[in-house]
Amino acid sequence: MAIERTFSMIKPDATKRNLTGAITKKLEDAGLRVVASKRVWMSRRQAEGFYAVHKERPFFDELCEFMSSGPTVVQVLEGENAILKNREVMGATNPADAAEGTIRKEFATSIGENSVHGSDAPETAAEEIRYWFSDTEVVG
Ligand code: CMP
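Here the structure is a predicted model, which is why all the values come from computation and not from measurement.

How each quantity is defined
Residues numbered from 1 in each chain as written. Predicted model: local features only at pLDDT ≥ 70, side-chain atom pairs only at ≥ 80, totals over all residues. Heavy atoms only, no water. Pairing = 2+ DSSP bridges. Helix = DSSP H or I, 4+ residues; strand = E, 2+ residues; numbered from the N terminus. Axes fitted to C-alpha atoms, helices over the stretch in contact; angles between N-to-C directions. Near = heavy atom within 4 Å. Polar contact = N/O pair within 3.5 Å; in protein donor to acceptor, adjacent residues only side chain to side chain. Areas by Shrake-Rupley, 256 points an atom, 1.4 Å probe, with all protein chains shown as cover. Nonpolar A, V, L, I, M, F, W, Y, C, P; charged D, E, K, R; others polar. UniProt positions renumbered as here; feature names shortened; annotations may be inferred. Buried < 20%, exposed > 50% of the residue type's maximum accessible area, 1.4 Å probe, protein only. Contact = heavy atoms within 4.5 Å. Salt bridge = Lys/Arg side-chain N within 4 Å of Asp/Glu carboxyl O. Arc of directions from axis to C-beta.

1. Focus: the sheet that holds strand β1 (residues 3-10)
- With antiparallel pairing, four strands are arranged side by side in an open sheet as β2-β3-β1-β4. Because the sheet does not close on itself, it has two edges, and the strands there are β2 (33-40) and β4 (116-118). Across the sheet, the axes of successive neighbouring strands diverge by a mean angle of 20 degrees, strand direction being ignored.
- With three bridges joining them, β1 and β4 adopt antiparallel strand pairing. What sits directly across from I10, in β4, is V116.

2. Regarding the site of the ligand
- The environment of the ligand is formed by K11, Y51, H54, F59, E62, L63, T93, R104, I111, G112, N114 and H117.
- Side-chain polar atom of Y51 to an oxygen atom of the ligand: 2.6 Å apart, as the coordinates give it.
- Contacts to the ligand include N114, whose side-chain N or O atom sits 3.3 Å from an oxygen atom.
- For the ligand, whose unbound accessible area comes to 460 Å², protein coverage reaches 80%.
- In terms of residue class, the shell around the ligand is made up of four nonpolar, five polar and three charged.

3. Comments concerning the UniProt feature "binding site: ATP" (unreviewed entry) in the chain
- Sites flagged by UniProt as "binding site: ATP" (unreviewed entry) map to K11, F59, R87, T93, R104 and N114.
- Along the chain, F59 falls in the loop between α3 (44-50) and α4 (60-67).
- Residue classification places F59 among the partly exposed positions, given a relative accessible area of 34%.
- Locating R87 in the fold gives a position in helix α5 (residues 82-90).
- Beyond its immediate sequence surroundings of up to four residues, R87 is in contact with G118, S119 and D120.

4. As for the pattern of salt bridges
- Throughout the structure, instances matching the rule amount to nine salt bridges.
- Here D13 ties to R17 by a salt bridge, and the two come within 2.7 Å at their closest N and O atoms.
- Several salt bridges converge on common partners, so that one network encompasses R44, E48, D61 and E65.

5. Notes on helix α7 (residues 122-132)
- Of the positions making up α7, those classed as buried are A125, E128, I129 and W132. Seen along its axis, α7 keeps its buried residues to an arc of 100 degrees; they face one direction. Every exposed residue of α7 that faces more than 90 degrees away from the buried side is listed here: E123, E127 and R130.
- Those residues of α7 that are buried are in contact with β1, β2, α3, β3 (72-80), α5 and β4.

As structure tokens, then:
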């Protein structure tokens, strides 16, 4: 399997509880390398743009409100099979369904405030990385 890059966010519920290091450690322990990272307080408009694919969903407003309610850490992760590996370490979207040892099982409080986001496919990973980072900010 080739080395891949994926996009990850540590969401406001987690930054508020000072979990940036604990979550990043779980990613690193799984063999993922942080090759870009910055803390941003996204605007409502940035949240709406990032999550545009969910525009028609009933939770879209709540999601954008939450994502612009506090700081988020946006990251690029690199490693073998990084997209799938990151999703395994994150666990299921709803923490009630997440497996033991996953980030969401350990830290998430609800399906909305679920501590992390990770890209689901190579195309979305490339798009999401481009949304938050310029080429020179990603240093492998
Ligand atoms: P994420 O991986 O960031 O992608 C979209 C997000 O929408 C998802 O994680 C959840 O946090 C959120 N989401 C999904 N379903 C619901 C829901 N039923 N209610 C509120 N938020 C949701």
